[in-house]
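Residue-level structure breakdown
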Amino acid sequence: MKRLGDFMTLVLPSGQESAHLSPASPLVVLFGWLNASPSVLRKYVELYTVRGFQVLLVRSRFSHATHPDTGQQLLRDVLDFLKEEVSSHPLLLHVASMGFYMVSWMVYLMNTHEDKYRTVRSKICGLVLDSPVAESKGAFNGMVIGLTNWTILQMFIRFAINVYYTFARQSVSTYIVLEKSITEKPIEAPVLVNFSLDDPMCQVDALQRFLGKWRALGY
């Protein structure tokens, strides 16, 4: 395992001793979800490493959403790493739950810096959306469930979210831009979507609307 920063960890295939990417092994970029424990993330990582994949694990925290500049910087770091490392690696993106917000930053940056990240985009061969939270306000409501099981505390946090959406107009406008970017110019690769119809965090109605927009574009 090779740590690349506070929120990025490169995990090599089982038994591989080199701390550098192997040109013969595909790379999975796994975007974790809010408050995911290291032990649970490790199980997701091992699904790939035991099969010979390399995994770049990208973790996020609540502040990456409430302060969009920090989320943007994290995904710049991810893309810059990939730009240097993936010239011969096919890429699979696995996005779990709130990780969808982070991959929205990834798509936005690839859309706005096409020349810089053209190689990265061309290497993406598939996208797995695992119970994605695909709407910004729905994402925050999903965070409530991820943060606490206490009903009263959930009510308080939802009230705080509504206040935030009322006054943090610059951040909210950023969420809208991200949603527009990933909706109108998504990654052109096969997509597998897994979700449960009774998943309160996934915000199924919002996800269905989002997927409907992709289908309308022919994806």
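Residues numbered from 1 in each chain as written. Predicted model: local features only at pLDDT ≥ 70, side-chain atom pairs only at ≥ 80, totals over all residues. Heavy atoms only, no water.

Next up on the list: the packing of aromatic side chains. Summed over all chains, the structure comprises four aromatic pairs. Aromatic side chains Phe100 and Phe210 sit 5.3 Å apart centroid to centroid with 85 degrees between the ring planes, which places their arrangement in the edge-to-face category. Taken together, the positions of Phe100 in helix H4 (residues 99-112) and Phe210 in helix H9 (residues 204-216) put the pair 110 residues apart, joining distant regions of the chain. Each member of the pair Phe100 and Phe210 is classed as buried. Taken together, the aromatic side chains of Phe100, Phe210 and Trp214 make up a single cluster linked through ring pairs. (Phe/Tyr/Trp six-rings, centres within 6.5 Å; stacked < 30°, edge-to-face > 60°. Helix = DSSP H or I, 4+ residues; strand = E, 2+ residues; numbered from the N terminus. Buried < 20%, exposed > 50% of the residue type's maximum accessible area, 1.4 Å probe, protein only.)

Attention shifts here to the side chain of Ser60. With respect to the element layout, Ser60 can be found in the loop between strand E4 (54-58) and helix H2 (62-66). Classification of Ser60 by relative accessible area gives buried; the value is 17%. With residues up to four places along the chain from it excluded, the contact list for Ser60 reads Gly32 and Met102. (Contact = heavy atoms within 4.5 Å.)

What follows deals with H4. If you check H4, its first and last C-alpha atoms are 20 Å apart, about what 14 residues at 1.5 Å a residue would give, namely 20 Å. H4 sits mainly inside the fold: twelve of its 14 residues count as buried. Of the residues making up H4, those classed as buried are Gly99, Phe100, Tyr101, Met102, Val103, Ser104, Trp105, Met106, Val107, Leu109, Met110 and Asn111. (Expected span 1.5 Å × (residues − 1).)

Turning our attention to the pattern of salt bridges. In total, this model carries three salt bridges according to the counting rule given. Where Lys116 meets Asp80, a salt bridge forms, and the shortest distance between an N and an O atom there is 3.6 Å. On the criterion of sequence distance, the pair formed by Lys116 in the loop between H4 and helix H5 (118-123) and Asp80 in helix H3 (residues 68-85) is long-range, its members being 36 residues apart. Note on Asp80: relative accessible area 30%, which makes it partly exposed. Salt-bridge contacts for Glu114 lead to Lys185; the nearest nitrogen and oxygen are separated by 2.1 Å. One end of the pair, Glu114, is in the loop between H4 and H5; the other, Lys185, is in the loop between helix H8 (169-184) and strand E7 (191-194), and 71 residues separate them in sequence. The partly exposed category is assigned to Glu114, whose relative accessible area is 35%. (Salt bridge = Lys/Arg side-chain N within 4 Å of Asp/Glu carboxyl O.)

This part is about a nonpolar patch on the surface. Together, Trp150, Leu153 and Phe156 make up an exposed nonpolar region whose accessible area comes to about 380 Å². Examined against the element boundaries, Trp150 turns out to sit in the loop between helix H6 (136-147) and helix H7 (151-167). Owing to a relative accessible area of 64%, Trp150 belongs among the exposed residues under this scheme. (Patch = residues over 30% accessible without salt bridge, like charges linked within 9 Å, V, L, I, M, F, W, Y side chains within 5 Å. Areas by Shrake-Rupley, 256 points an atom, 1.4 Å probe, with all protein chains shown as cover.)

The phi dihedral of Ser131 falls on the positive side, at around 50 degrees, and the residue is not glycine. Turning to its location among the elements, Ser131 is positioned in the loop between strand E6 (124-130) and H6.

So, on to the packing of H3 against H4. The interhelical angle for the contact between H3 and H4, taken along N-to-C directions, is 65 degrees, at an axis separation of 9 Å. Viewed along their axes, H3 and H4 form a crossing whose handedness is right-handed. Where H3 abuts H4, its residues Pro68, Gly71, Gln72, Leu74, Leu75, Arg76, Leu79 and Leu82 lie against Tyr101, Met102, Trp105, Met106, Tyr108, Leu109 and Met110. Classifying every residue of the contact of H3 with H4 by side-chain character gives twelve nonpolar, two polar and one charged. (Axes fitted to C-alpha atoms, helices over the stretch in contact; angles between N-to-C directions. Left-handed = near helix turned anticlockwise from the far one by under 90°. Nonpolar A, V, L, I, M, F, W, Y, C, P; charged D, E, K, R; others polar.)

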